[in-house]
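Analysis of the macromolecular model
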Amino acid sequence: MTLFYDHDSEFTLESGETLPSLRIAYNTYGSLNERRDNVVWVCHALTANSDVADWWPHTVEKGKFLDPDKWFVICANIIGSPYGTTAPLHENPATGEPYYGNFPRYTIRDVVSAHRILADRLGIGMIHTLVGCSVGGFQAVEWAVTEPERFERLSLMATDAVATPWTIAIDETQRMCIEADSTFGERRADAGAAGLAAARAIGLLSYRGPSGYNLTQRDNEEYPAPRRAVSYQRYQGEKLVRRFDAYSYHAILDAFDSHDVGRGRGGVAAALSAVKAKTLVIGLTTDIVFPPDDMKALAGKIDGAVYAEIQSPFGHDGFLVEHDQLNALMRPFMES
């Protein structure tokens, strides 16, 4: 069940803009033990939500690395997401109408500030393991730098300490799709829907890559109409439109591009030198968003970090698919 915390004080963003109040949606699994030392905090990716069991198969299960019989697992929905936390379709108290395109710009650091507020409100001090995948990894590494004493272990999967020109270019291409939809900007919840579908289809090319598509989308018949890959792209675009909105997607992509742990801290290497958590960095062999070489470089910048790699044909999405390999890496890391 999704829970909510309403932070009724003004929430100041890194830009200097403010949200008059902040609602945070979150889910928990398991129970906090008497020693209060079994907390695992999961930071979710771009279009996921706070219900980890919903989007990360075979992880929040008995015997898996997020076993609710052993751990007290928490995940908070990020700012700007349409899954409960304050977002563009929420009412702006100043106007009595949804924000839509007037939602203030925010950054990964603002997302982390919201996590910190929730953790404090829940009475969570030390966190045993902080887990972040993709954009969730952006949040995790930022939080580990901001509050290094709070975490015993840090797991970063398919992510980086800074949004690279390559990842920003992927995001800008998706924003261009949304902005090319003439309805985007209209003050209604379904504005930009066609652009959002196209953006998602383009995003999936980078998430799965050629090996993932060639493995799963080959045609079984001669000259079928439409081609399987064509149907898949359209289906995935329409599927996201049914559960997301263009304003939230556009805003999250902007926040994605803000990510740089070195900003104002003397650079990435200097910022990462603050991390005190025992760190595991996990790459994926066919990930073209965060290639293995980039992941190895990230591990090399964190004192004592260990690098591990998942073999998968499914590219960046491999962390969602290869749960057996993931559990084999994460359980020993968390329980050692």
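Calculation notes
Residues numbered from 1 in each chain as written. Predicted model: local features only at pLDDT ≥ 70, side-chain atom pairs only at ≥ 80, totals over all residues. Heavy atoms only, no water. Helix = DSSP H or I, 4+ residues; strand = E, 2+ residues; numbered from the N terminus. Rg over C-alpha atoms; globule rule 2.2 N^0.38 Å. Contact = heavy atoms within 4.5 Å. Buried < 20%, exposed > 50% of the residue type's maximum accessible area, 1.4 Å probe, protein only. Pairing = 2+ DSSP bridges. Right-handed = clockwise from strand over helix to strand, strands pointing away. Salt bridge = Lys/Arg side-chain N within 4 Å of Asp/Glu carboxyl O. Core = buried A, V, L, I, M, F, W, Y, C linked by side-chain atoms within 4.5 Å. 1 Å grid on protein atoms, 1.4 Å probe; cavity = no way out; pocket = protein on both sides within 12 Å on 5 of 7 lines; lining within 4 Å. Points joined across faces, edges and corners; volume = space filled by probe spheres on them. Nonpolar A, V, L, I, M, F, W, Y, C, P; charged D, E, K, R; others polar. Phe/Tyr/Trp six-rings, centres within 6.5 Å; stacked < 30°, edge-to-face > 60°.

1. Some points on the overall build of the protein
- A count of helical and extended segments in the protein gives 11 helices and 12 strands.
- In summary, the protein has a C-alpha radius of gyration of 20 Å against a globular reference of 20 Å for 336 residues, a match within 12%.
- In terms of overall dimensions, the protein has a C-alpha envelope of 60 × 50 × 40 Å along the principal axes.
- Once local pairs closer than 6 in sequence are excluded, the contacts in the protein between residues at least 24 apart make up 73%.

2. A word on the pairing of strand E10 (residues 151-157)
- Burial within E10 is extensive, with 6 of its 7 residues counted as buried.
- Sheet topology note: the strand E9 (residues 127-133)/E10 ladder contains 6 bridges and is parallel. Bridge pairing in E10 places isoleucine 127 opposite phenylalanine 151.
- Handedness of the crossover joining E9 and E10 through helix H3 (residues 135-146): right-handed.
- Relative to strand E11 (residues 278-284), E10 is paired through 5 bridges, and the arrangement is parallel. When the sheet's bridge partners are listed, arginine 153 is paired in E11 with lysine 278.

3. Observations concerning the pattern of salt bridges
- Considering all chains together, one arrives at 21 salt bridges under this definition.
- Note that glutamate 152 and arginine 153 form a salt bridge whose closest N and O atoms lie 3.6 Å from each other.
- A cluster of three or more residues bridged by salt bridges with shared partners is formed by Glu14, Arg109, Glu142, Arg263 and Arg265.

4. As for the nonpolar core
- Core analysis: the biggest nonpolar cluster contains 70 residues, and Trp41, Tyr106, Tyr249 and Leu272 have the highest contact counts within it.
- Counting 27 residues, the second largest nonpolar core, distinct from the first, contains Val42, Ala48, Leu280 and Leu326.

5. A closer look at empty space enclosed by the protein
- Counted under the stated rule, the structure contains 1 cavity of 30 Å³ or more.
- Within this model, the largest cavity holds a volume of roughly 40 Å³.
- If you go around the largest cavity, the residues you meet are Ile24, Ala76, Asn77, Ile78, Ile79, Thr85, Val111, Ala114 and His115.
- Among the elements that make up the lining of the largest cavity, the one with the highest residue count is helix H2 (residues 108-121) (3 residues).
- A per-class count over the lining of the largest cavity returns 6 nonpolar, 3 polar and no charged.

6. Points about the environment of tyrosine 213
- Looking at the element boundaries, tyrosine 213 is found in helix H5 (residues 193-216).
- Residue classification places tyrosine 213 among the buried residues on the basis of a relative accessible area of 12%.
- Through-space distance from the C-alpha of tyrosine 213 to that of tyrosine 232 is 9.7 Å; in sequence the pair is 19 residues apart.
- In contact with tyrosine 213, not counting residues within four places along its chain, are Leu204, Leu205, Arg208, Arg218, Tyr232 and Gln233.

7. Let's talk about the packing of aromatic side chains
- Under the counting rule described, the total for this entry stands at 14 aromatic pairs.
- With a centroid separation of 6.2 Å and 85 degrees between ring planes, the pair formed by tryptophan 56 and phenylalanine 319 is classed as edge-to-face. Of this pair, tryptophan 56 sits in the loop between helix H1 (52-55) and strand E6 (72-76) while phenylalanine 319 sits in helix H10 (residues 318-321); the two residues are 263 residues apart in sequence, bridging distant segments of the chain.
- When the ring of phenylalanine 138 is compared with that of phenylalanine 290, the centres are 5.9 Å apart and the planes differ by 85 degrees; the resulting orientation is edge-to-face. Placement of phenylalanine 138 in helix H3 and of phenylalanine 290 in the loop between E11 and helix H9 (292-300) is noted, with a sequence separation of 152 residues between them.
- For phenylalanine 290, a relative accessible area of 2% puts it in the buried group.

8. A look at the environment of leucine 326
- With respect to the helices, strands and loops of the structure, leucine 326 is situated in helix H11 (residues 323-335).
- The exposure class of leucine 326 is buried, given its relative accessible area of 0%.
- Spatially, the C-alpha atom of leucine 326 lies 9.3 Å from that of glutamate 309, the residues being 17 residues apart in sequence.
- Discounting residues that sit within four places of it in the chain, leucine 326 has contacts with Trp56, Phe65, Met157, Ile282, Ile310 and Phe319.

9. Quick look at the layout of surface pockets
- As a volume, the largest pocket reaches approximately 690 Å³.
- Surrounding the largest pocket, 32 residues form its lining, Thr47, Arg200, Arg243, Asp317 and Leu320 being those nearest its centre.
- When residues of the lining of the largest pocket are traced back to their parent elements, those giving at least two are H1, helix H4 (165-180), H5, helix H6 (228-243) and H10.
- The residue makeup of the lining of the largest pocket, split by class, is 17 nonpolar, 8 polar and 7 charged.

Spatial relationships are all this shows, so hold off on functional conclusions.
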